[in-house]
Amino acid sequence: ETGVTQTPRHLVMGMTNKKSLKCEQHLGHNAMYWYKQSAKKPLELMFVYNFKEQTENNSVPSRFSPECPNSSHLFLHLHTLQPEDSALYLCASSQGLAGGNRGAQYFGPGTRLLVL
Amino acid sequence: EDKVVQSPLSLVVHEGDTVTLNCSYEVTNFRSLLWYKQEKKAPTFLFMLTSSGIEKKSGRLSSILDKKELSSILNITATQTGDSAIYLCAVNYGGSQGNLIFGKGTKLSVKP
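Scoring rules and cut-offs
Residues numbered from 1 in each chain as written. Chains lettered and ligands numbered in written order. Predicted model: local features only at pLDDT ≥ 70, side-chain atom pairs only at ≥ 80, totals over all residues. Heavy atoms only, no water. Helix = DSSP H or I, 4+ residues; strand = E, 2+ residues; numbered from the N terminus. Rg over C-alpha atoms; globule rule 2.2 N^0.38 Å. Buried < 20%, exposed > 50% of the residue type's maximum accessible area, 1.4 Å probe, protein only. Contact = heavy atoms within 4.5 Å. Phe/Tyr/Trp six-rings, centres within 6.5 Å; stacked < 30°, edge-to-face > 60°. Disulfide = S-S within 2.5 Å.

### Thoughts on the overall build of chain A
And then number 1: Counting its regular elements, chain A contains zero helices and 11 strands.
And then number 2: Helices and strands appear in chain A in the N-to-C order β-β-β-β-β-β-β-β-β-β-β.
And then number 3: The C-alpha radius of gyration computed for chain A amounts to 13 Å, which stays within 12% of the reference 13 Å derived for 116 residues, consistent with globular compactness.
And then number 4: Seen through its C-alpha atoms, chain A measures out along the principal axes to roughly 40 × 30 × 30 Å.
And then number 5: A burial count over chain A gives 52% of its 116 residues as buried.
And then number 6: The contacts of chain A with a sequence gap of at least 6 include a subset with a gap of at least 24, amounting to 55%.

Laid out in structure tokens, this is it:
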């Protein structure tokens, strides 16, 4: 499979559950991102990893925990979420961060998360 | 506060029409402006603009950046129903690591 893939595509979880979202990129990129897209709000950047190192955490609550074991894989571990965390979670990757390359981000299809 | 504003928020046109979508920004240390098309799920990269006044074209789509006016437009000529989507504008800005901030998008609906 090519491009950026995400699993699962849909997820329903209770507030006490623990689940993980997975992202894999097959583009040979070095940077990976998690975004949250809520209804009627702009895309919000959550985390950035460059060469497996976290470079940004945009004040994301600790109930979201990212993990990047290598440049091709990115996880988002979820625990004790709230109903307001229901959203589309998008993963993206880019060749790098500097010199404008960061702009050419390629997105995965997203995971639609519903927290009950 | 850094921000990206898109207008209009939604637009309904008929096939064959030409549309112009707007994006304005207020950021520090501007690096580049990007346009994405979002259909059902994932945004698809369209253009990245870094230099003022230089038009980027891809088929019926074109875009241009005006750094003096801190804005960009995305033009779509001879629209087709397949152009129906949300068009997102994003600005890359900031220090060495940069940052990317998105506008809310323009929802374009093209009627047959």
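Additional details are given in the paragraphs that follow.
### Considering the packing of aromatic side chains
And then number 1: Inspection of every chain in the model, using the stated rule, returns 10 aromatic pairs over all chains.
And then number 2: Between Tyr36 of chain B and Phe102 of chain B the ring centres are 5.8 Å apart and the planes differ by 40°, which places this aromatic pair in the tilted class. One end of the pair, Tyr36 of chain B, is in strand β4 (residues 30–38); the other, Phe102 of chain B, is in strand β10 (residues 99–102), and 66 residues separate them in sequence. Comparing Tyr36 of chain B with Phe102 of chain B shows no difference in burial state: the two are buried.
And then number 3: An aromatic cluster is defined as three or more aromatic residues linked by ring pairs; in this entry it consists of Tyr33, Tyr35, Tyr106 and Phe107 of chain A together with Tyr36, Phe45 and Phe102 of chain B.

### Brief notes about the state of the cysteines
And then number 1: For the structure on display, the rule yields two disulfides over all chains.
And then number 2: Each sulfur in the disulfide pair Cys23 of chain A and Cys91 of chain A lies 1.9 Å from the other. Between Cys23 of chain A and Cys91 of chain A, the disulfide has an S-S torsion of -70° and is therefore left-handed. Of this pair, Cys23 of chain A sits in strand β3 (residues 18–25) while Cys91 of chain A sits in strand β9 (residues 87–94), and the two are 68 residues apart along the sequence.
And then number 3: The buried category is assigned to Cys91 of chain A, whose relative accessible area is 0%.
And then number 4: A sulfur-sulfur distance of 1.9 Å marks the disulfide that ties Cys23 of chain B to Cys89 of chain B. Sign of the S-S torsion, about -70° for the bond between Cys23 of chain B and Cys89 of chain B, identifies this disulfide as left-handed. Here Cys23 of chain B is found in strand β3 (residues 19–26), whereas its partner Cys89 of chain B is found in strand β9 (residues 85–93), with 66 residues between them in sequence.
And then number 5: The exposure class of Cys23 of chain B is buried, given its relative accessible area of 2%.
And then number 6: The closest cysteine sulfur to the non-disulfide-bonded Cys68 of chain A is located on Cys91 of chain A, 9.1 Å from its own sulfur.

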